Amino acid sequence: MKDTRTAGPRRIAVRTLLWTLALITTVSGCGLSGGGPSLKDAADVKRVEMVGGWKDGSTGGVTLKEDGTFAAESLRADAVPGAGLTSPGKGLVAGSGEWELTNIGAESRVDLYFTGGGTVGIDVKYQDGLKVLSTWIGDGRHAVLKKEDTAPTP
């Protein structure tokens, strides 16, 4: 017969460690934005609010045009591959196509459909009271894009 006396305490210790790590990550905000300010869902976003240039502060961004087209340059995003996407670097996408805003319940989302194939989903959030765009970058974190007065050059 197998001795299970040490399995119980070990299992409890591992479970306690995992819950502690989850709590620390949640409280510190690291699970949401890699250590930055927390993001909150944005509901009932208007299309006109999305039109303009959005930059992530380091590598690039996307310009959402009033006519429903977009141009992305060095956008940090986890994309669904397609022939319309180019990759100027690891984890970066570039290209152009059409964009669409969707409001579902308490969440809003912008989807980029690249000409020739490929898509990127972008969540609309609030950060420090301002609307931002949030793209997943494939390693459990996301890039936050803020609206610029001038659009990035595609």
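Residues numbered from 1 in each chain as written. Predicted model: local features only at pLDDT ≥ 70, side-chain atom pairs only at ≥ 80, totals over all residues. Heavy atoms only, no water.

With respect to the helices, strands and loops of the structure, Glu49 is situated in helix H3 (residues 47-50). Each C-alpha atom, one on Glu49 and one on Lys131, is 8.8 Å from the other, the two residues being 82 residues apart in sequence. Of note is the side chain of Glu49, whose polar atom sits 2.7 Å from the side chain of Lys131. (Helix = DSSP H or I, 4+ residues; strand = E, 2+ residues; numbered from the N terminus. Polar contact = N/O pair within 3.5 Å; in protein donor to acceptor, adjacent residues only side chain to side chain.)

To continue, consider the nonpolar core. By size, the foremost hydrophobic cluster in this structure holds 22 residues, and its most contacted members are Met50, Leu64, Val110 and Leu112. Every element with two or more residues in this core is listed here: strand S3 (61-64), strand S4 (69-76), strand S5 (92-104), strand S6 (107-114) and strand S7 (119-127). Excluding anything up to four places from it in sequence, Leu64 contacts Met50, Val51, Gly52, Trp54, Thr69, Phe70, Trp99, Val110, Leu112 and Leu133. (Core = buried A, V, L, I, M, F, W, Y, C linked by side-chain atoms within 4.5 Å. Buried < 20%, exposed > 50% of the residue type's maximum accessible area, 1.4 Å probe, protein only. Contact = heavy atoms within 4.5 Å.)

Let us look at the side chain of Asp111. For Asp111, the location among the structural elements is in strand S6. Engagement of the side chain of Asp111 in a polar contact is seen with the side chain of Arg109, the distance being 2.8 Å. In this structure Asp111 touches Glu98, Trp99, Glu100, Thr102, Val120 and Gly121, once residues within four positions along its chain are discounted.

Turning to unusual backbone geometry, a few remarks are in order. Positive phi values are uncommon outside glycine, yet Ser74 reaches one of about 50 degrees. Looking at where Ser74 falls in the secondary structure, it is placed in strand S4. The phi dihedral of Asp128 is positive, around 55 degrees, even though this residue is not glycine. In this structure, Asp128 sits in the loop between S7 and strand S8 (130-136).

Turning to the confidence of the model for the chain, a few remarks are in order. Residues with a pLDDT of 70 or more make up 71% of the chain, whose mean pLDDT is 79. Per-element confidence in the chain ranges from a low mean pLDDT of 36 for helix H2 (residues 30-33) to a high of 97 for S3. Considering only residues more than four positions removed or in separate chains, one finds that residues 2-6, a stretch of pLDDT under 50, has zero contacts. Segment residues 17-35 is flagged for pLDDT under 50; beyond a separation of four residues in sequence, or across chains, it makes twelve contacts in the model. (pLDDT = per-residue confidence, 0-100.)

The next point concerns the environment of Lys46. Within the secondary structure layout, Lys46 lies in the loop between strand S1 (40-41) and H3. It is 9.5 Å that separates the C-alpha atoms of Lys46 and Thr102, two residues lying 56 residues apart in sequence.

This model, assessed by the stated rule, comprises five salt bridges. Of the charged contacts, one joins Asp41 and Lys125 as a salt bridge, the two residues approaching to 2.5 Å between their closest N and O atoms. One end of the pair, Asp41, is in strand S1; the other, Lys125, is in strand S7, and 84 residues separate them in sequence. The buried category is assigned to Lys125, whose relative accessible area is 16%. With a shortest N-O distance of 3.7 Å, Arg109 and Asp123 are connected by a salt bridge. Separated by 14 residues along the polypeptide, Arg109 in strand S6 and Asp123 in strand S7 bring together distant segments of the chain. For Asp123, a relative accessible area of 19% puts it in the buried group. Through salt bridges with shared partners, a single ionic network connects Arg109, Asp111 and Asp123. (Salt bridge = Lys/Arg side-chain N within 4 Å of Asp/Glu carboxyl O.)

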